[in-house]
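So you can see what is in the structure, the chains are spelled out below.
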Amino acid sequence: MHYSPLQKARYAYQPKLPRTLTLPIDTIVPVFGEATEPAADREDLHRLFPGTYGMPMVSFAEGRNTTISKKINIGVVLSGGQAPGGHNVIAGLYDAVKRANPDSEVYGFLGGPSGILENRTLRFTDEYIDEYRNTGGFDIIGSGRTKLESEQQYAVCEQVCKALNIDAILIIGGDDSNTNAAVLAEYFKSHDSKIAVIGAPKTIDGDLKNSSIEVSFGFDTATKTYSELIGNIERDANSAKKYWHFIKLMGRSASHIALECALQTQPTAALISEEVEINKTTLKEIVADLVEKVVYRSSKGMDFGVVLVPEGLIEFIPEMKILIAELNDLMAANADYFQTMTSFEEQSEWINRSLSKDSSYAFSSLPNNIQRQLLMDRDPHGNVQVSRIETEKLLIEMVEDSLKKLRSEGTYTGSFSSQSHFFGYEGRCAFPSNFDSDYCYSLGYNAFLLIASGLTGYISSISNLSAPADQWQAGGIPVTMMMNMEQRHGEKKPVIKKALVELDEKPFRTFAEHRDQWYKETCFTFPGAIQYYGPDEVCNRPTTTLILEQA
Ligand code: FBP
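Read on for an overview of the structure. Not measured: the values here are computed from a predicted model.

We now examine the site of the ligand. By nearness alone, 13 residues border the ligand, and Gly81, Asp205, Glu311, Tyr425 and Arg428 come closest of all. At a separation of 2.9 Å, an oxygen atom of the ligand approaches a polar side-chain atom of Thr203. In the environment of the ligand, an oxygen atom lies 2.7 Å from a nitrogen or oxygen atom belonging to the side chain of Glu311.

Printed below as a string of C-alpha coordinates:
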(Lines give C-alpha, C1' and ligand atoms only; values in the text may rest on other atoms or scores of the structure.)
Protein backbone atom coordinates (compact mmCIF):
# COMPACT_ATOMS: atom_id res chain seq x y z
CA MET A 1 0.00 0.00 0.00
CA HIS A 2 1.35 3.46 -0.88
CA TYR A 3 0.46 6.37 1.38
CA SER A 4 0.73 10.03 0.46
CA PRO A 5 2.79 12.15 2.87
CA LEU A 6 -0.35 13.96 4.04
CA GLN A 7 -2.13 10.66 4.62
CA LYS A 8 0.76 9.48 6.80
CA ALA A 9 0.80 12.75 8.69
CA ARG A 10 -2.96 12.59 9.26
CA TYR A 11 -2.74 9.04 10.64
CA ALA A 12 -0.54 10.48 13.37
CA TYR A 13 -2.83 13.43 14.14
CA GLN A 14 -4.34 13.21 17.62
CA PRO A 15 -7.82 14.73 17.55
CA LYS A 16 -8.68 17.21 20.29
CA LEU A 17 -11.44 16.36 22.77
CA PRO A 18 -13.58 18.48 25.09
CA ARG A 19 -11.79 18.77 28.43
CA THR A 20 -14.19 16.39 30.25
CA LEU A 21 -13.59 13.63 27.72
CA THR A 22 -9.82 13.78 28.27
CA LEU A 23 -10.26 12.53 31.84
CA PRO A 24 -9.56 8.85 32.58
CA ILE A 25 -12.66 7.12 31.25
CA ASP A 26 -13.65 5.66 34.62
CA THR A 27 -13.77 9.16 36.09
CA ILE A 28 -16.46 10.46 33.72
CA VAL A 29 -20.10 10.28 34.85
CA PRO A 30 -23.39 11.38 33.30
CA VAL A 31 -25.23 14.32 34.80
CA PHE A 32 -28.95 14.42 34.08
CA GLY A 33 -30.79 17.69 33.50
CA GLU A 34 -34.48 18.52 33.40
CA ALA A 35 -36.95 16.36 31.49
CA THR A 36 -37.29 17.59 27.90
CA GLU A 37 -40.25 18.23 25.63
CA PRO A 38 -40.46 18.85 21.91
CA ALA A 39 -41.46 22.36 20.81
CA ALA A 40 -44.65 21.16 19.10
CA ASP A 41 -46.99 18.16 18.69
CA ARG A 42 -46.36 16.96 22.25
CA GLU A 43 -49.45 14.74 22.56
CA ASP A 44 -48.84 12.94 19.26
CA LEU A 45 -45.15 12.44 20.00
CA HIS A 46 -45.83 11.22 23.55
CA ARG A 47 -48.31 8.68 22.17
CA LEU A 48 -45.86 7.49 19.50
CA PHE A 49 -42.82 7.34 21.83
CA PRO A 50 -44.18 6.22 25.21
CA GLY A 51 -40.83 4.72 26.25
CA THR A 52 -38.41 7.42 25.10
CA TYR A 53 -40.47 10.62 25.33
CA GLY A 54 -39.49 13.33 27.80
CA MET A 55 -36.06 11.94 28.73
CA PRO A 56 -33.63 14.45 30.28
CA MET A 57 -30.71 16.18 28.59
CA VAL A 58 -27.39 14.65 29.61
CA SER A 59 -23.95 16.13 30.08
CA PHE A 60 -20.74 14.60 31.41
CA ALA A 61 -18.66 15.59 34.42
CA GLU A 62 -15.84 14.28 36.60
CA GLY A 63 -16.81 11.52 39.05
CA ARG A 64 -16.18 7.87 39.84
CA ASN A 65 -17.77 5.58 37.27
CA THR A 66 -17.87 2.01 38.55
CA THR A 67 -19.85 0.46 35.72
CA ILE A 68 -18.09 1.82 32.65
CA SER A 69 -15.72 -1.13 32.28
CA LYS A 70 -18.55 -3.64 31.80
CA LYS A 71 -17.91 -5.66 28.63
CA ILE A 72 -20.09 -4.40 25.80
CA ASN A 73 -20.45 -4.95 22.04
CA ILE A 74 -21.46 -2.09 19.76
CA GLY A 75 -22.45 -2.08 16.08
CA VAL A 76 -21.99 1.03 13.97
CA VAL A 77 -23.59 1.98 10.68
CA LEU A 78 -23.00 4.85 8.23
CA SER A 79 -26.19 6.04 6.56
CA GLY A 80 -26.69 8.28 3.50
CA GLY A 81 -24.30 10.58 1.66
CA GLN A 82 -20.61 10.71 2.55
CA ALA A 83 -19.41 13.50 4.87
CA PRO A 84 -15.79 14.15 5.93
CA GLY A 85 -15.14 12.91 9.44
CA GLY A 86 -17.24 9.74 9.46
CA HIS A 87 -14.14 7.61 9.95
CA ASN A 88 -13.25 9.60 13.05
CA VAL A 89 -16.67 9.05 14.63
CA ILE A 90 -15.91 5.35 14.42
CA ALA A 91 -12.31 5.82 15.63
CA GLY A 92 -13.53 7.88 18.61
CA LEU A 93 -16.13 5.24 19.49
CA TYR A 94 -13.58 2.43 19.13
CA ASP A 95 -10.94 4.14 21.30
CA ALA A 96 -13.45 4.88 24.07
CA VAL A 97 -14.81 1.32 24.00
CA LYS A 98 -11.35 -0.23 24.19
CA ARG A 99 -10.21 2.22 26.86
CA ALA A 100 -13.14 1.18 29.04
CA ASN A 101 -12.63 -2.54 28.44
CA PRO A 102 -10.23 -4.05 25.90
CA ASP A 103 -12.48 -7.14 25.64
CA SER A 104 -15.41 -5.12 24.35
CA GLU A 105 -15.93 -5.20 20.59
CA VAL A 106 -17.04 -2.77 17.89
CA TYR A 107 -18.62 -4.14 14.71
CA GLY A 108 -19.23 -2.22 11.50
CA PHE A 109 -22.35 -3.00 9.46
CA LEU A 110 -21.28 -3.01 5.82
CA GLY A 111 -22.84 -0.88 3.08
CA GLY A 112 -25.19 1.17 5.24
CA PRO A 113 -28.38 0.14 7.03
CA SER A 114 -28.85 -2.80 4.67
CA GLY A 115 -25.74 -4.27 6.35
CA ILE A 116 -27.81 -4.75 9.52
CA LEU A 117 -30.72 -6.33 7.66
CA GLU A 118 -28.42 -8.65 5.73
CA ASN A 119 -26.12 -9.34 8.69
CA ARG A 120 -22.98 -8.18 6.87
CA THR A 121 -20.40 -7.05 9.39
CA LEU A 122 -16.75 -6.71 10.17
CA ARG A 123 -15.12 -6.62 13.59
CA PHE A 124 -12.79 -3.65 14.04
CA THR A 125 -9.21 -4.15 15.16
CA ASP A 126 -6.49 -1.61 16.02
CA GLU A 127 -4.75 -2.22 12.67
CA TYR A 128 -7.94 -1.74 10.69
CA ILE A 129 -9.00 1.45 12.49
CA ASP A 130 -5.50 2.95 12.18
CA GLU A 131 -5.79 2.84 8.37
CA TYR A 132 -8.73 5.27 8.50
CA ARG A 133 -7.93 7.79 11.24
CA ASN A 134 -8.44 11.42 10.18
CA THR A 135 -9.18 10.44 6.58
CA GLY A 136 -12.21 11.38 4.49
CA GLY A 137 -14.77 9.05 2.96
CA PHE A 138 -16.98 6.30 4.30
CA ASP A 139 -14.99 3.44 2.80
CA ILE A 140 -14.14 2.08 6.25
CA ILE A 141 -17.43 0.13 6.07
CA GLY A 142 -19.31 1.79 3.20
CA SER A 143 -22.64 3.60 3.35
CA GLY A 144 -26.07 3.20 1.82
CA ARG A 145 -29.48 4.83 1.60
CA THR A 146 -31.71 1.94 2.72
CA LYS A 147 -34.27 3.27 5.17
CA LEU A 148 -34.96 1.42 8.41
CA GLU A 149 -38.59 2.27 8.82
CA SER A 150 -40.80 -0.80 9.06
CA GLU A 151 -41.61 -3.03 12.04
CA GLN A 152 -40.52 -6.00 9.98
CA GLN A 153 -37.07 -4.43 9.45
CA TYR A 154 -36.84 -3.60 13.17
CA ALA A 155 -37.56 -7.22 14.05
CA VAL A 156 -34.71 -8.31 11.73
CA CYS A 157 -32.38 -5.74 13.36
CA GLU A 158 -33.21 -7.25 16.74
CA GLN A 159 -32.51 -10.81 15.57
CA VAL A 160 -29.21 -9.82 13.94
CA CYS A 161 -28.01 -7.87 16.99
CA LYS A 162 -28.96 -10.71 19.32
CA ALA A 163 -27.10 -13.21 17.14
CA LEU A 164 -23.96 -11.03 17.29
CA ASN A 165 -24.42 -10.18 20.98
CA ILE A 166 -24.62 -6.53 20.08
CA ASP A 167 -25.80 -4.34 22.97
CA ALA A 168 -26.08 -1.04 21.12
CA ILE A 169 -26.13 0.44 17.62
CA LEU A 170 -24.62 3.80 16.69
CA ILE A 171 -26.37 5.20 13.61
CA ILE A 172 -24.36 7.93 11.90
CA GLY A 173 -26.76 9.78 9.62
CA GLY A 174 -28.83 12.83 8.72
CA ASP A 175 -32.27 13.94 9.86
CA ASP A 176 -34.15 10.98 8.37
CA SER A 177 -31.68 8.39 9.63
CA ASN A 178 -31.73 9.87 13.12
CA THR A 179 -35.54 9.96 13.05
CA ASN A 180 -35.52 6.27 12.14
CA ALA A 181 -32.90 5.63 14.85
CA ALA A 182 -35.30 7.10 17.40
CA VAL A 183 -38.17 4.93 16.13
CA LEU A 184 -35.89 1.88 16.34
CA ALA A 185 -34.89 2.83 19.90
CA GLU A 186 -38.56 3.04 20.83
CA TYR A 187 -39.26 -0.30 19.13
CA PHE A 188 -36.51 -2.04 21.12
CA LYS A 189 -37.68 -0.48 24.36
CA SER A 190 -41.31 -1.41 23.81
CA HIS A 191 -40.28 -4.98 22.95
CA ASP A 192 -38.32 -5.32 26.18
CA SER A 193 -35.09 -5.59 24.25
CA LYS A 194 -32.07 -4.10 25.96
CA ILE A 195 -30.44 -3.02 22.67
CA ALA A 196 -29.72 0.71 22.74
CA VAL A 197 -29.73 3.05 19.72
CA ILE A 198 -27.71 6.26 19.64
CA GLY A 199 -27.36 8.69 16.70
CA ALA A 200 -24.61 10.99 15.43
CA PRO A 201 -25.43 14.10 13.34
CA LYS A 202 -23.99 13.77 9.83
CA THR A 203 -24.54 15.63 6.54
CA ILE A 204 -22.51 18.09 4.52
CA ASP A 205 -25.80 19.89 3.81
CA GLY A 206 -25.79 21.37 7.35
CA ASP A 207 -29.56 21.00 7.66
CA LEU A 208 -29.50 18.78 10.75
CA LYS A 209 -29.15 21.48 13.38
CA ASN A 210 -31.23 23.13 16.08
CA SER A 211 -30.81 24.70 19.49
CA SER A 212 -29.05 21.53 20.69
CA ILE A 213 -27.12 20.36 17.61
CA GLU A 214 -24.95 23.26 16.49
CA VAL A 215 -23.80 21.76 13.21
CA SER A 216 -23.78 18.40 11.45
CA PHE A 217 -20.33 17.01 10.77
CA GLY A 218 -18.83 17.32 7.30
CA PHE A 219 -20.29 20.80 6.68
CA ASP A 220 -17.05 22.45 7.80
CA THR A 221 -14.76 20.49 5.46
CA ALA A 222 -17.14 20.40 2.49
CA THR A 223 -17.74 24.16 2.53
CA LYS A 224 -14.02 24.87 2.95
CA THR A 225 -13.24 22.60 0.00
CA TYR A 226 -15.86 24.26 -2.22
CA SER A 227 -14.76 27.72 -1.08
CA GLU A 228 -11.19 26.94 -2.03
CA LEU A 229 -12.36 25.96 -5.53
CA ILE A 230 -14.67 28.95 -5.83
CA GLY A 231 -11.85 31.27 -4.74
CA ASN A 232 -9.60 29.75 -7.41
CA ILE A 233 -12.27 30.30 -10.03
CA GLU A 234 -12.76 33.88 -8.83
CA ARG A 235 -9.04 34.52 -9.31
CA ASP A 236 -9.24 33.02 -12.76
CA ALA A 237 -12.29 35.14 -13.61
CA ASN A 238 -10.57 38.25 -12.30
CA SER A 239 -7.41 37.47 -14.26
CA ALA A 240 -8.94 36.74 -17.67
CA LYS A 241 -11.98 39.00 -17.19
CA LYS A 242 -13.90 37.14 -19.87
CA TYR A 243 -16.14 34.52 -18.22
CA TRP A 244 -19.21 34.37 -16.08
CA HIS A 245 -18.95 31.20 -13.97
CA PHE A 246 -22.18 29.64 -12.73
CA ILE A 247 -21.41 27.20 -9.92
CA LYS A 248 -24.01 24.81 -8.58
CA LEU A 249 -23.30 23.65 -5.02
CA MET A 250 -24.61 20.57 -3.25
CA GLY A 251 -27.25 20.84 -0.59
CA ARG A 252 -30.34 18.89 -1.51
CA SER A 253 -32.82 21.27 0.16
CA ALA A 254 -31.25 23.88 2.39
CA SER A 255 -28.85 26.53 1.07
CA HIS A 256 -26.48 26.49 4.06
CA ILE A 257 -23.61 25.38 1.82
CA ALA A 258 -24.21 28.14 -0.76
CA LEU A 259 -24.57 30.74 2.00
CA GLU A 260 -21.40 29.65 3.82
CA CYS A 261 -19.41 29.58 0.56
CA ALA A 262 -20.75 33.04 -0.30
CA LEU A 263 -19.62 34.36 3.09
CA GLN A 264 -16.18 32.85 2.53
CA THR A 265 -15.69 33.99 -1.08
CA GLN A 266 -17.84 37.12 -1.68
CA PRO A 267 -19.01 36.14 -5.18
CA THR A 268 -20.77 38.41 -7.67
CA ALA A 269 -24.09 36.78 -6.82
CA ALA A 270 -25.40 33.90 -4.75
CA LEU A 271 -28.95 32.60 -4.83
CA ILE A 272 -30.48 31.39 -1.57
CA SER A 273 -33.39 29.03 -2.12
CA GLU A 274 -35.16 29.91 1.14
CA GLU A 275 -35.28 33.59 0.13
CA VAL A 276 -36.63 32.66 -3.30
CA GLU A 277 -39.38 30.65 -1.62
CA ILE A 278 -40.35 33.30 0.92
CA ASN A 279 -40.42 36.06 -1.70
CA LYS A 280 -42.19 33.71 -4.16
CA THR A 281 -39.63 34.75 -6.78
CA THR A 282 -40.39 33.20 -10.16
CA LEU A 283 -37.77 31.76 -12.49
CA LYS A 284 -38.24 34.74 -14.80
CA GLU A 285 -37.59 37.15 -11.91
CA ILE A 286 -34.45 35.28 -10.86
CA VAL A 287 -33.15 35.51 -14.41
CA ALA A 288 -34.14 39.20 -14.70
CA ASP A 289 -32.13 39.96 -11.55
CA LEU A 290 -29.07 38.14 -12.87
CA VAL A 291 -29.37 39.93 -16.21
CA GLU A 292 -29.51 43.27 -14.42
CA LYS A 293 -26.24 42.42 -12.68
CA VAL A 294 -24.58 41.27 -15.92
CA VAL A 295 -25.65 44.48 -17.70
CA TYR A 296 -24.54 46.70 -14.80
CA ARG A 297 -21.10 45.08 -14.58
CA SER A 298 -20.73 45.19 -18.33
CA SER A 299 -21.40 48.94 -18.30
CA LYS A 300 -18.46 49.26 -15.85
CA GLY A 301 -16.20 47.15 -18.05
CA MET A 302 -16.59 43.96 -15.99
CA ASP A 303 -17.82 41.26 -18.34
CA PHE A 304 -17.11 38.56 -15.80
CA GLY A 305 -18.49 37.23 -12.56
CA VAL A 306 -19.13 34.25 -10.32
CA VAL A 307 -22.65 33.12 -9.42
CA LEU A 308 -23.41 30.49 -6.76
CA VAL A 309 -26.50 28.37 -7.27
CA PRO A 310 -27.76 26.02 -4.54
CA GLU A 311 -28.53 22.53 -5.76
CA GLY A 312 -32.08 22.55 -4.36
CA LEU A 313 -33.03 25.92 -5.91
CA ILE A 314 -35.34 24.45 -8.54
CA GLU A 315 -37.62 22.98 -5.85
CA PHE A 316 -38.03 26.36 -4.12
CA ILE A 317 -39.12 28.34 -7.18
CA PRO A 318 -42.91 28.46 -6.70
CA GLU A 319 -44.04 27.30 -10.17
CA MET A 320 -41.30 24.64 -10.28
CA LYS A 321 -42.19 23.35 -6.82
CA ILE A 322 -45.78 22.74 -7.98
CA LEU A 323 -44.56 21.22 -11.25
CA ILE A 324 -42.15 18.85 -9.47
CA ALA A 325 -44.81 17.80 -6.93
CA GLU A 326 -47.23 17.03 -9.78
CA LEU A 327 -44.54 15.13 -11.67
CA ASN A 328 -43.63 13.08 -8.57
CA ASP A 329 -47.29 12.13 -8.01
CA LEU A 330 -47.94 11.39 -11.68
CA MET A 331 -44.85 9.24 -12.07
CA ALA A 332 -45.48 7.38 -8.80
CA ALA A 333 -49.11 6.66 -9.70
CA ASN A 334 -48.28 5.55 -13.25
CA ALA A 335 -44.85 4.02 -12.75
CA ASP A 336 -45.51 0.88 -14.83
CA TYR A 337 -47.19 2.77 -17.65
CA PHE A 338 -44.36 5.32 -17.68
CA GLN A 339 -41.83 2.50 -18.12
CA THR A 340 -43.58 1.38 -21.31
CA MET A 341 -42.88 4.73 -23.02
CA THR A 342 -39.52 4.39 -24.69
CA SER A 343 -38.97 7.79 -26.28
CA PHE A 344 -38.67 11.15 -24.55
CA GLU A 345 -41.14 12.64 -27.06
CA GLU A 346 -43.76 10.10 -26.02
CA GLN A 347 -43.08 10.73 -22.32
CA SER A 348 -43.21 14.52 -22.57
CA GLU A 349 -46.36 14.43 -24.68
CA TRP A 350 -48.10 12.27 -22.03
CA ILE A 351 -46.73 14.43 -19.19
CA ASN A 352 -47.94 17.63 -20.83
CA ARG A 353 -51.41 16.15 -21.26
CA SER A 354 -51.58 14.92 -17.67
CA LEU A 355 -50.26 18.00 -15.83
CA SER A 356 -52.40 20.94 -14.67
CA LYS A 357 -52.53 23.86 -17.09
CA ASP A 358 -50.00 25.97 -15.15
CA SER A 359 -47.57 23.12 -14.67
CA SER A 360 -47.85 22.06 -18.27
CA TYR A 361 -46.92 25.63 -19.22
CA ALA A 362 -44.00 25.64 -16.77
CA PHE A 363 -42.80 22.26 -18.08
CA SER A 364 -42.99 23.18 -21.75
CA SER A 365 -41.20 26.48 -21.17
CA LEU A 366 -38.11 24.56 -19.97
CA PRO A 367 -35.30 23.53 -22.32
CA ASN A 368 -35.39 19.88 -23.43
CA ASN A 369 -32.40 18.77 -21.37
CA ILE A 370 -33.97 20.08 -18.15
CA GLN A 371 -37.30 18.42 -19.02
CA ARG A 372 -35.44 15.14 -19.47
CA GLN A 373 -33.65 15.56 -16.12
CA LEU A 374 -36.97 16.21 -14.39
CA LEU A 375 -38.24 12.87 -15.70
CA MET A 376 -35.22 10.84 -14.52
CA ASP A 377 -35.47 8.11 -11.85
CA ARG A 378 -36.66 9.26 -8.41
CA ASP A 379 -34.74 8.64 -5.17
CA PRO A 380 -35.95 5.97 -2.69
CA HIS A 381 -38.51 8.52 -1.36
CA GLY A 382 -40.00 9.17 -4.81
CA ASN A 383 -38.36 12.61 -5.01
CA VAL A 384 -36.56 14.13 -7.96
CA GLN A 385 -32.75 13.90 -7.59
CA VAL A 386 -31.81 17.57 -7.60
CA SER A 387 -28.08 16.83 -7.90
CA ARG A 388 -28.83 15.62 -11.44
CA ILE A 389 -30.72 18.72 -12.60
CA GLU A 390 -28.44 21.21 -14.29
CA THR A 391 -30.00 24.35 -12.81
CA GLU A 392 -26.78 26.27 -13.43
CA LYS A 393 -27.05 25.53 -17.17
CA LEU A 394 -30.75 26.41 -17.19
CA LEU A 395 -29.93 29.83 -15.71
CA ILE A 396 -27.11 30.41 -18.20
CA GLU A 397 -29.39 29.58 -21.12
CA MET A 398 -32.13 31.89 -19.87
CA VAL A 399 -29.70 34.74 -19.15
CA GLU A 400 -28.27 34.35 -22.66
CA ASP A 401 -31.76 34.52 -24.20
CA SER A 402 -32.60 37.71 -22.31
CA LEU A 403 -29.28 39.32 -23.22
CA LYS A 404 -29.87 38.49 -26.87
CA LYS A 405 -33.12 40.41 -26.71
CA LEU A 406 -31.47 43.38 -25.01
CA ARG A 407 -28.72 43.34 -27.60
CA SER A 408 -31.22 43.41 -30.45
CA GLU A 409 -32.93 46.38 -28.75
CA GLY A 410 -29.52 48.07 -28.48
CA THR A 411 -29.56 48.28 -24.64
CA TYR A 412 -26.70 45.84 -24.11
CA THR A 413 -23.41 45.77 -25.98
CA GLY A 414 -21.23 43.66 -23.68
CA SER A 415 -20.05 40.10 -24.10
CA PHE A 416 -21.44 37.25 -22.03
CA SER A 417 -19.38 34.13 -22.14
CA SER A 418 -20.17 31.47 -19.55
CA GLN A 419 -18.76 28.39 -17.84
CA SER A 420 -20.77 26.03 -15.68
CA HIS A 421 -19.59 23.91 -12.74
CA PHE A 422 -21.10 21.58 -10.17
CA PHE A 423 -19.28 21.12 -6.87
CA GLY A 424 -20.64 18.35 -4.70
CA TYR A 425 -18.82 15.06 -4.72
CA GLU A 426 -15.47 16.93 -4.64
CA GLY A 427 -16.10 17.94 -1.03
CA ARG A 428 -17.80 14.93 0.53
CA CYS A 429 -14.70 12.77 1.03
CA ALA A 430 -11.95 15.36 1.51
CA PHE A 431 -9.51 14.86 4.39
CA PRO A 432 -11.55 16.24 7.30
CA SER A 433 -10.44 19.66 8.50
CA ASN A 434 -9.04 19.78 12.03
CA PHE A 435 -12.49 20.97 13.13
CA ASP A 436 -14.24 17.94 11.62
CA SER A 437 -11.47 15.56 12.76
CA ASP A 438 -11.83 16.80 16.36
CA TYR A 439 -15.61 17.17 16.29
CA CYS A 440 -16.21 13.71 14.82
CA TYR A 441 -13.76 11.96 17.12
CA SER A 442 -15.48 13.67 20.06
CA LEU A 443 -18.95 12.67 18.77
CA GLY A 444 -17.88 9.02 18.59
CA TYR A 445 -16.09 9.02 21.96
CA ASN A 446 -19.11 10.69 23.53
CA ALA A 447 -21.52 8.20 21.87
CA PHE A 448 -19.80 5.42 23.84
CA LEU A 449 -20.32 7.34 27.10
CA LEU A 450 -24.05 7.67 26.30
CA ILE A 451 -24.28 3.93 25.59
CA ALA A 452 -22.28 3.04 28.70
CA SER A 453 -24.66 5.22 30.72
CA GLY A 454 -27.51 2.90 29.68
CA LEU A 455 -29.15 5.48 27.41
CA THR A 456 -31.12 4.94 24.22
CA GLY A 457 -32.95 7.27 21.81
CA TYR A 458 -30.28 9.99 22.21
CA ILE A 459 -28.14 11.82 19.70
CA SER A 460 -24.50 12.42 20.57
CA SER A 461 -23.99 16.14 21.10
CA ILE A 462 -20.86 18.26 21.27
CA SER A 463 -21.57 21.95 21.71
CA ASN A 464 -19.96 25.39 22.21
CA LEU A 465 -18.20 24.64 18.93
CA SER A 466 -16.97 28.12 18.06
CA ALA A 467 -14.73 27.99 21.16
CA PRO A 468 -11.45 26.04 21.26
CA ALA A 469 -12.01 22.27 21.47
CA ASP A 470 -11.04 21.94 25.13
CA GLN A 471 -14.01 24.20 25.96
CA TRP A 472 -16.52 22.11 24.01
CA GLN A 473 -19.37 20.55 25.99
CA ALA A 474 -20.14 16.85 25.67
CA GLY A 475 -23.58 15.38 26.23
CA GLY A 476 -26.68 13.80 24.76
CA ILE A 477 -30.01 15.09 23.47
CA PRO A 478 -33.15 12.92 23.46
CA VAL A 479 -34.17 12.69 19.79
CA THR A 480 -37.88 13.04 20.61
CA MET A 481 -37.11 16.56 21.84
CA MET A 482 -36.06 17.58 18.30
CA MET A 483 -39.14 16.13 16.58
CA ASN A 484 -42.40 17.41 15.23
CA MET A 485 -45.18 15.92 13.12
CA GLU A 486 -45.05 16.49 9.37
CA GLN A 487 -47.07 15.35 6.39
CA ARG A 488 -44.98 12.78 4.48
CA HIS A 489 -46.44 10.89 1.52
CA GLY A 490 -49.98 11.57 2.61
CA GLU A 491 -49.38 10.53 6.24
CA LYS A 492 -48.54 12.48 9.40
CA LYS A 493 -45.15 11.24 10.60
CA PRO A 494 -42.80 12.10 13.47
CA VAL A 495 -39.63 13.65 12.02
CA ILE A 496 -36.66 15.75 13.06
CA LYS A 497 -37.35 19.16 11.54
CA LYS A 498 -35.01 19.97 8.65
CA ALA A 499 -33.17 23.23 9.39
CA LEU A 500 -33.37 25.63 6.45
CA VAL A 501 -31.55 28.96 6.18
CA GLU A 502 -33.32 31.47 8.44
CA LEU A 503 -33.51 34.86 6.78
CA ASP A 504 -33.66 36.75 10.08
CA GLU A 505 -30.48 35.17 11.45
CA LYS A 506 -27.01 36.63 11.33
CA PRO A 507 -25.42 34.52 8.56
CA PHE A 508 -28.07 35.46 6.00
CA ARG A 509 -28.34 39.07 7.25
CA THR A 510 -24.57 39.50 6.91
CA PHE A 511 -24.72 38.17 3.35
CA ALA A 512 -27.73 40.39 2.49
CA GLU A 513 -25.98 43.49 3.86
CA HIS A 514 -23.00 43.01 1.58
CA ARG A 515 -24.27 41.43 -1.62
CA ASP A 516 -24.99 44.65 -3.52
CA GLN A 517 -21.45 45.81 -3.01
CA TRP A 518 -20.19 42.37 -4.11
CA TYR A 519 -21.77 42.69 -7.55
CA LYS A 520 -21.23 46.42 -8.07
CA GLU A 521 -17.55 46.14 -7.27
CA THR A 522 -15.45 43.00 -7.45
CA CYS A 523 -14.87 41.87 -3.86
CA PHE A 524 -13.70 38.29 -4.32
CA THR A 525 -11.89 36.65 -1.39
CA PHE A 526 -9.63 33.64 -1.69
CA PRO A 527 -9.80 31.20 1.22
CA GLY A 528 -7.21 28.80 -0.24
CA ALA A 529 -6.87 25.13 0.61
CA ILE A 530 -7.72 23.68 4.00
CA GLN A 531 -4.64 23.86 6.22
CA TYR A 532 -3.99 21.08 8.69
CA TYR A 533 -0.74 22.32 10.23
CA GLY A 534 0.13 25.88 11.21
CA PRO A 535 -1.25 28.79 13.21
CA ASP A 536 -4.57 28.37 14.98
CA GLU A 537 -6.42 31.06 13.04
CA VAL A 538 -5.48 29.34 9.79
CA CYS A 539 -6.04 25.71 10.83
CA ASN A 540 -8.73 25.66 13.45
CA ARG A 541 -11.19 28.36 12.41
CA PRO A 542 -14.77 27.05 12.27
CA THR A 543 -17.17 28.10 9.49
CA THR A 544 -18.30 31.71 9.22
CA THR A 545 -21.89 30.51 9.71
CA LEU A 546 -21.00 28.99 13.10
CA ILE A 547 -18.99 32.05 14.16
CA LEU A 548 -21.85 34.41 13.22
CA GLU A 549 -24.49 32.20 14.84
CA GLN A 550 -22.57 32.12 18.11
CA ALA A 551 -21.30 35.71 18.06
P1 FBP B 1 -27.13 13.24 3.06
O2 FBP B 1 -28.29 14.12 3.36
O3 FBP B 1 -27.46 11.79 3.09
O4 FBP B 1 -25.96 13.57 3.93
O5 FBP B 1 -26.64 13.52 1.57
C6 FBP B 1 -26.59 14.82 1.10
C7 FBP B 1 -26.06 14.92 -0.31
O8 FBP B 1 -24.67 15.03 -0.30
C9 FBP B 1 -26.74 16.09 -1.01
O10 FBP B 1 -26.02 17.26 -0.86
C11 FBP B 1 -26.89 15.57 -2.43
O12 FBP B 1 -28.04 16.06 -3.04
C13 FBP B 1 -27.05 14.10 -2.25
O14 FBP B 1 -26.39 13.76 -1.08
C15 FBP B 1 -26.52 13.30 -3.41
O16 FBP B 1 -26.79 11.96 -3.19
P17 FBP B 1 -26.06 10.76 -3.91
O18 FBP B 1 -24.79 10.51 -3.18
O19 FBP B 1 -27.01 9.62 -3.69
O20 FBP B 1 -25.84 11.13 -5.34
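Below, the discussion takes up the packing of helix α11 (residues 283-299) against helix α20 (residues 506-520). The relative placement of two packed helices comes down to the angle between their axes together with the axis-to-axis distance. Contact geometry of α11 with α20 gives a least axis separation of 9 Å together with a crossing angle of 45°. Between α11 and α20, the angle is such that the two are oblique. Facing Lys293, Tyr296 and Arg297 of α11, the residues of α20 in contact are Trp518, Tyr519 and Lys520.

Here we come to the environment of Glu277. Here Glu277 lies in helix α10 (residues 273-278). C-alpha separation for the pair Glu277 and Ser417, spaced 140 residues apart in sequence, amounts to 29 Å. Not counting residues up to four positions away in its chain, the partners in contact with Glu277 are Phe316 and Lys321.

Before going further, it helps to spend a moment on helix α6 (residues 151-164). Here α6 contains 14 residues, and its C-alpha end-to-end distance of 20 Å stays within 8% of the 20 Å for a straight helix at 1.5 Å per residue. Taken residue by residue, α6 has Gln153, Tyr154, Cys157, Glu158, Val160, Cys161 and Leu164 as its buried positions. Residues of α6 that are buried sit in contact with β3 (73-78), β4 (105-109), α4 (114-117), β5 (121-123), β6 (168-173) and α7 (175-190).

Scanning all chains against the criterion turns up 19 salt bridges. Between Glu37 and Arg42 there is a salt bridge, with its nearest N and O atoms 3.6 Å apart. Of the charged contacts in the structure, one is a salt bridge between Glu549 and Lys209, with a shortest N-O distance of 2.6 Å. With Glu549 in helix α22 (residues 544-549) and Lys209 in the loop between β7 (196-201) and α8 (219-240), this pair connects stretches of sequence that are 340 residues apart. The class of Lys209 is buried, set by a relative accessible area of 15%. Each of the salt bridges in this network shares a partner with another, and the network as a whole consists of Asp95, Asp130 and Arg133.

The rules behind these values
Residues numbered from 1 in each chain as written. Predicted model: local features only at pLDDT ≥ 70, side-chain atom pairs only at ≥ 80, totals over all residues. Heavy atoms only, no water. Near = heavy atom within 4 Å. Polar contact = N/O pair within 3.5 Å; in protein donor to acceptor, adjacent residues only side chain to side chain. Axes fitted to C-alpha atoms, helices over the stretch in contact; angles between N-to-C directions. Helix = DSSP H or I, 4+ residues; strand = E, 2+ residues; numbered from the N terminus. Parallel < 35°, antiparallel > 145°, perpendicular 65-115°, else oblique. Contact = heavy atoms within 4.5 Å. Expected span 1.5 Å × (residues − 1). Buried < 20%, exposed > 50% of the residue type's maximum accessible area, 1.4 Å probe, protein only. Salt bridge = Lys/Arg side-chain N within 4 Å of Asp/Glu carboxyl O.

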